[in-house]
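Chain by chain, the residues run as shown.
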Amino acid sequence: LDYIFGAVTATLSTTGGYPANPVTININDPSNSYLDVSGTDIKRTEHQAIAIDNVNSKILIASNGSSNLYASQLKLSICNLDGTSCISKDVSAMTNQGEGSGYKPSMVIDTVNSKILISTENTANNKKPSLFRCSLDGSSCSHIDISAGRGNLSGGSPKLLLDNVNSKILLLTENSE
């Protein structure tokens, strides 16, 4: 939700190799507009997460960078709110995680610590849940296994939430162990 311009932005997932473009919906006038972010790494991907950085007026798009489950790498695209001036970061490469680490991203903005938090089903780590933390500009990324002692197949379809009141990260996953 973009409080500054009063709009809701969401991604439309597509198949067949077409890019998934964000759609902006004006809250006061429900006329929709597509944002062309085809210059980013969200082409040919089946899973994306989107967030609005209201501090820097940016759209953040996390994607698995590939439609292939085992070749997916976490990509982060940062664009102006109108979809222009996009930059892309290969978060998997920045954190030495490689292929399979970016599957099914879920993303939140930690406004207290000025961080982007992205969880994934890390197929390179036996489908355990991973957490990637980056600065709001996509730099200084780090990675940690957040399986909390759970076994293989414990990180399916992660859904990440942030509890600012208790300073906790909440993660819901499908556990197939």
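Each remark here, short or long, concerns the structure printed above.
Residues numbered from 1 in each chain as written. Predicted model: local features only at pLDDT ≥ 70, side-chain atom pairs only at ≥ 80, totals over all residues. Heavy atoms only, no water.

Novice: Give a description of the environment of Thr 120 that names residues and reports values.
Specialist: Tracing the chain through its elements places Thr 120 in strand β9 (residues 115-122). Relative accessible area serves as the criterion here: at 0%, Thr 120 is assigned to the buried category. Thr 120 sits 14 residues away from Ser 106 along the chain, and the two C-alpha atoms are 6.5 Å apart. Excluding residues that lie within four positions of it along the chain, Thr 120 makes contacts with Leu 74, Ser 101, Gly 102, Tyr 103, Lys 104, Pro 105, Lys 128, Pro 129, Ser 130, Phe 132 and Pro 158. In this structure the side chain of Thr 120 is engaged in a polar contact, spanning 2.7 Å, whose partner is the backbone oxygen of Ser 101. (Helix = DSSP H or I, 4+ residues; strand = E, 2+ residues; numbered from the N terminus. Buried < 20%, exposed > 50% of the residue type's maximum accessible area, 1.4 Å probe, protein only. Contact = heavy atoms within 4.5 Å. Polar contact = N/O pair within 3.5 Å; in protein donor to acceptor, adjacent residues only side chain to side chain.)

Novice: Tell me about the side chain of Thr 123, and name the residues and values.
Specialist: With respect to the helices and strands, the residue Thr 123 is situated in the loop between β9 and β10 (128-135). Look at Thr 123 and you get buried, because its relative accessible area is 11%.

Novice: Break down the state of the cysteines for me, citing the residues and quoting the values.
Specialist: Under the definition given, this model contains two disulfides. The side chain of Cys 79 participates in a disulfide bridge whose partner is Cys 86; the two sulfur atoms lie 2.1 Å from each other. For the disulfide bridge between Cys 79 and Cys 86, the dihedral angle about the S-S bond is near 110 degrees, and by the sign convention the bridge is right-handed. A sulfur-sulfur distance of 2.1 Å marks the disulfide that ties Cys 134 to Cys 141. Looking along the S-S bond of the Cys 134-Cys 141 disulfide, the torsion reads about 115 degrees, which is the right-handed sense. On the basis of relative accessibility, which here comes to 0%, the residue Cys 134 falls in the buried class. In the protein, the bonded cysteines, taken in the order they occur along the sequence, pair up as 1-2, 3-4. (Disulfide = S-S within 2.5 Å.)

Novice: Which residues make up the sheet that holds β10, and what values do they have?
Specialist: Sheet architecture is open: four strands sit in the order β8-β9-β10-β11, paired in antiparallel fashion. Of all the strands in the sheet, the pair left with one neighbour each is β8 (103-110) and β11 (142-145). Direction aside, the axes of adjacent strands within the sheet are offset by 20 degrees on average. Two elements, β8 and β9, share six bridges in a ladder whose sense is antiparallel. By the bridge assignment, Ile 109 is partnered in β9 with Ile 116. (Pairing = 2+ DSSP bridges. Axes fitted to C-alpha atoms, helices over the stretch in contact; angles between N-to-C directions.)

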